[in-house]
Amino acid sequence: LGGAVVYAKHGGDICLAFVHDIFGHWTLSKGRIDPNEDVEQATVRKIKEETGLAVLLKGKIGENEYVASDPEAGKKRRRVVYFLGESKYEDIKLKQTGGLDDARWFRLQDAIELNLYDDILPIVTKAVQQLTKK
């Protein structure tokens, strides 16, 4: 899978885009990469499909693995390559899927209050560090 910490500048703030899943967590937009597809191109495509946001990737920020519960296939291990991605601050148009129910922008200072998965905390933290360094 390919995913990104998507950010935009808005009114003097840096905002991050998160998607909300049916399990009550805010998480990062991500999607499956086709076998012959470039990871970066696929990530840009999947984020556009899932959120409607056009993203310019600024570099890889990390990887993680997690176990997902698929209603049909059961538990599956997934590996995600994450990038830092810049977008315009515009309305997020969430593609309705079975697993996601919301998507929103959050200011950096508000993002720390979100219910995030433990495995994406280091990814988000690294992105925030890169975005706030002088």
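Preceding this section is the structure that the text describes.
Residues numbered from 1 in each chain as written. Predicted model: local features only at pLDDT ≥ 70, side-chain atom pairs only at ≥ 80, totals over all residues. Heavy atoms only, no water.

Some remarks on the overall build of the protein
Of the regular secondary structure elements, the protein holds three helices and seven strands. Put simply, the protein runs from its N terminus to its C terminus through helices and strands in the order β-β-β-β-α-β-β-β-α-α. The C-alpha radius of gyration of the protein comes to 14 Å, within 12% of the 14 Å expected for a compact globule of 134 residues. Principal-axis analysis of the C-alpha atoms gives the protein an extent of 45 × 30 × 25 Å. Counting across all 134 residues of the protein, residues that qualify as buried make up 43%. In the protein, the proportion of contacts linking residues at least 24 apart, taken out of those at least 6 apart, comes to 69%. (Helix = DSSP H or I, 4+ residues; strand = E, 2+ residues; numbered from the N terminus. Rg over C-alpha atoms; globule rule 2.2 N^0.38 Å. Buried < 20%, exposed > 50% of the residue type's maximum accessible area, 1.4 Å probe, protein only. Contact = heavy atoms within 4.5 Å.)

Remarks on the pairing of strand 2 (residues 13-21)
A large share of strand 2 lies buried, amounting to eight of its nine residues. Two successive antiparallel strands, strand 1 (residues 2-10) and strand 2, enclose a turn made up of two residues, where G11 displays a positive phi of approximately 55°. The pairing of strand 2 with strand 3 (residues 26-27) spans two bridges and is classified as antiparallel. Within strand 3, the position partnered with V19 by the bridge is T27. Between strand 2 and strand 3, which pair antiparallel one after the other, the connecting turn spans four residues, and G24 there sits at a positive phi close to 90°. (Pairing = 2+ DSSP bridges.)

Side note on the side chain of D21
One can find D21 in strand 2. A polar side-chain atom of D21 sits 2.9 Å from the main-chain amide nitrogen of F23. Within the local environment of D21, its side chain forms a polar contact with the side chain of Y117, the two groups lying 2.4 Å apart. Apart from residues lying up to four places away in sequence, D21 is in contact with G99, L100, D101 and Y117. (Polar contact = N/O pair within 3.5 Å; in protein donor to acceptor, adjacent residues only side chain to side chain.)

Brief notes about helix 3 (residues 121-132)
An α-helical turn contains 3.6 residues, so a residue and the one three or four places further along point in the same direction. Taking 1.5 Å as the rise per residue, helix 3 with twelve residues should run 16 Å; its terminal C-alpha atoms sit 16 Å apart, in good agreement. Those residues of helix 3 that fall on the buried side of the exposure criterion are I123, V124, A127 and L131. An end-on view of helix 3 places all buried positions within 95° of arc, on one side of the element. Residues of helix 3 that are exposed and point over 90 degrees away from its buried face: P122 and Q129. (Expected span 1.5 Å × (residues − 1). Arc of directions from axis to C-beta.)

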